[in-house]
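Listed below are the residues making up each chain.
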Amino acid sequence: ETIHLLTNWREKYSDFFSSKFIVSENRTKQWLEKNYICKNDQILFLLIVNDKKIGHIGIINYDKNKNCSEIDNVLRGDRKNFPGIMKIVLMKILEIGFDELLLDKFILKVFHDNKKAISLYKTCGFTLIDRIPLEKILIPDGWYWSPTAKNNDFNEKYHDIMQITKEQFKNTRKIDTCNG
């Protein structure tokens, strides 16, 4: 059931992913096994509210030298119900990361034109630190976006790199608490 749901979300929201290909339940299962089940340094949280699966969010790429991890695979599959839930979830992930795992910062990558996601991240305290130009690489059954050194007027896409430090999070949490 979960594989079927994740597959449907992947297909429905394919424009928000860094690659596009023929989506199948078998590929979704392989992706989960390769990137999460068989790795001990990546976590994918399935978001369940009132027994309804509504999305997922991940933590990947722990960097010991920077004491930093990356937020990844943020997807709200059910967009009709539970307004504001992604902010609540992201703030909880950040709280656990900073207060329990004692991380110093989180980073994330988001397409520069994904205004809704960028707004969410800014509301949670993330700030823009870099913009990486991307080029489309064709593969037999689709394409993927890859970082490129070519930065010109012809770049279709960019990744905005955003970060939040422990201090920024504390300040954001104070503001949130004051606003109710």
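Just above sits the structure.
We now turn to the structure provided with this report. Sequence order as written defines the numbering, with residues in each chain counted from 1. Two thresholds apply to this predicted model, a pLDDT of at least 70 for residue-level local features and 80 or more for giving and counting side-chain atom pairs, whereas whole-chain, interface and lining totals are computed over all residues. Heavy atoms throughout the structure, all of them, feed into the side-chain values; hydrogens and water do not.

Section: the packing of helix α3 (residues 85–100) against helix α4 (residues 115–123)
To keep things clear, this is the line we draw: For helices, the fitted line uses only the C-alpha atoms of the stretch in contact; every axis is such a line through C-alpha atoms, and the angle between N-to-C directions lies from 0 to 180 degrees. A helix here means a DSSP run of H or I that spans at least four residues, while a strand means a run of E at least two residues long, and both kinds are numbered starting from the N terminus. By definition in this entry, angles of less than 35 degrees are roughly parallel, angles greater than 145 are roughly antiparallel, angles of 65 to 115 are roughly perpendicular, and the rest are oblique. Throughout, a crossing is termed right-handed when the near helix is turned clockwise from the far one, and left-handed when it is turned anticlockwise from it by less than a right angle. The contact criterion used is simple: two residues touch if any of their non-hydrogen atoms lie within 4.5 Å. We call Asp, Glu, Lys and Arg charged. Ala, Val, Leu, Ile, Met, Phe, Trp, Tyr, Cys and Pro are nonpolar, and the rest, Gly among them, are polar.
Remark: α3 packs on α4, axes separated minimally by 10 Å, with the N-to-C direction vectors making an angle of 50 degrees. It follows that α3 is oblique to α4 by the angle criterion. The chirality of how α3 crosses α4 is right-handed. Facing α3, whose interface residues are M86, K87 and L90, α4 presents L120, Y121 and T123. Looking at the contact of α3 with α4 residue by residue, the class counts come to 4 nonpolar, 1 polar and 1 charged.

Things to note about the sheet that holds strand β1 (residues 19–20)
The condition that has to hold: Here, any two strands with at least 2 DSSP bridges between them count as paired.
Pairing in this open sheet of 8 strands is mixed, and the strands run β1-β7-β6-β8-β5-β4-β3-β2 from one edge to the other. Pairing within the sheet leaves two strands with one partner each, and these edge strands are β1 and β2 (43–49). Against the sheet, helix α1 (residues 2–12) engages β1, β2, β3 (52–63) and β4 (68–76), with an angle of about 80 degrees to β3.

A short note on the pattern of salt bridges
Note the cut-off: The term salt bridge refers to a pairing of a side-chain nitrogen on Lys or Arg with a carboxyl oxygen on Asp or Glu at a separation within 4 Å. In this scheme, a residue with accessible area under 20% of its type's maximum is buried, one over 50% is exposed, and one in between is partly exposed, where area comes from a 1.4 Å probe on protein chains only.
By the definition in use, this model includes 11 salt bridges. The salt bridge partner of K20 is D15, with a shortest N-O separation of 3.8 Å. A relative accessible area of 31% means that K20 is categorised as partly exposed. Residue K109 is joined to E70 by a salt bridge in which the shortest nitrogen-to-oxygen separation is 3.7 Å. Placement of K109 in strand β5 (residues 105–111) and of E70 in strand β4 is noted, with a sequence separation of 39 residues between them. What makes E70 buried here is its relative accessible area of 6%. Linked by salt bridges that have partners in common, K92, E95, D99 and R173 make up one network.

Re helix α2 (residues 25–37)
Filter applied, for reference: Along the arc lie the directions from the helix axis toward the C-beta atoms.
Those residues of α2 lying buried are T28, L32, N35 and Y36. Projected down its long axis, α2 carries its buried residues within an arc of 100 degrees, all on one side. Next to the buried residues of α2 lie α1, β2, β3 and β4.

So, a positive patch on the surface
The condition is simple: Think of a patch as exposed residues, more than 30% relative accessible area, with no salt bridge, where like charges cluster within 9 Å and nonpolar side chains (Val, Leu, Ile, Met, Phe, Trp, Tyr) cluster within 5 Å. To measure how exposed things are, a 1.4 Å probe is used in the Shrake-Rupley method; for residues, cover is taken only from the protein chains shown. When charges are counted, Lys and Arg contribute as positive and Asp and Glu as negative, whereas His and the chain ends are disregarded. A charge is said to be at NZ when it belongs to Lys, at CZ for Arg, at CG for Asp and at CD for Glu.
Together, K12, R79, K80 and K116 make up a region of like positive charge exposed at the surface. One can find R79 in the loop between β4 and α3. On the basis of relative accessible area, R79 is assigned to the partly exposed category, the value being 42%.

A look at the nonpolar core
To be explicit about the condition: In these notes, a set of buried Ala, Val, Leu, Ile, Met, Phe, Trp, Tyr and Cys residues joined through side-chain atoms within 4.5 Å is what counts as a nonpolar core.
The biggest cluster of nonpolar side chains holds 27 residues, and the ones touching the most others in it are I71, L90, L94, F106, Y121 and F126. Sorting the residues of this core by element identifies β2, β3, α3, β5, α4 and β8 (157–165) as the ones contributing at least two each. The biggest single contributor to this core is α3, with 8 residues. Formed by 8 residues, the second largest nonpolar core is a distinct cluster that contains W9, F17, L32 and I60.

Regarding the pairing of β5
The condition that has to hold: With strands facing away from the observer, any crossover in which the path from the first strand over the helix to the second runs clockwise is taken as right-handed.
In this sheet, β5 lies alongside β4 in parallel orientation, the contact comprising 4 bridges. Within β5, the residue paired with I71 across the bridge is L108. Read from β4 through α3 to β5, the crossover connection turns out right-handed. Relative to β8, β5 is paired through 7 bridges, and the arrangement is antiparallel. If you follow K109 over to β8, its bridge partner there is I161.

Description of α4
All of the buried residues in α4 are A117, I118, L120 and Y121. Seen end-on, α4 carries its buried residues on one side only, within an arc spanning 160 degrees. The exposed set on the far side of α4, more than 90 degrees from its buried face, consists of K115, K116 and K122. Tucked inside the fold, the buried residues of α4 contact β4, α3, β5 and β8. Directly after α4, the chain includes G125, whose backbone phi takes a positive value near 110 degrees.

Read these as layout, nothing more, since geometry by itself doesn't imply function.
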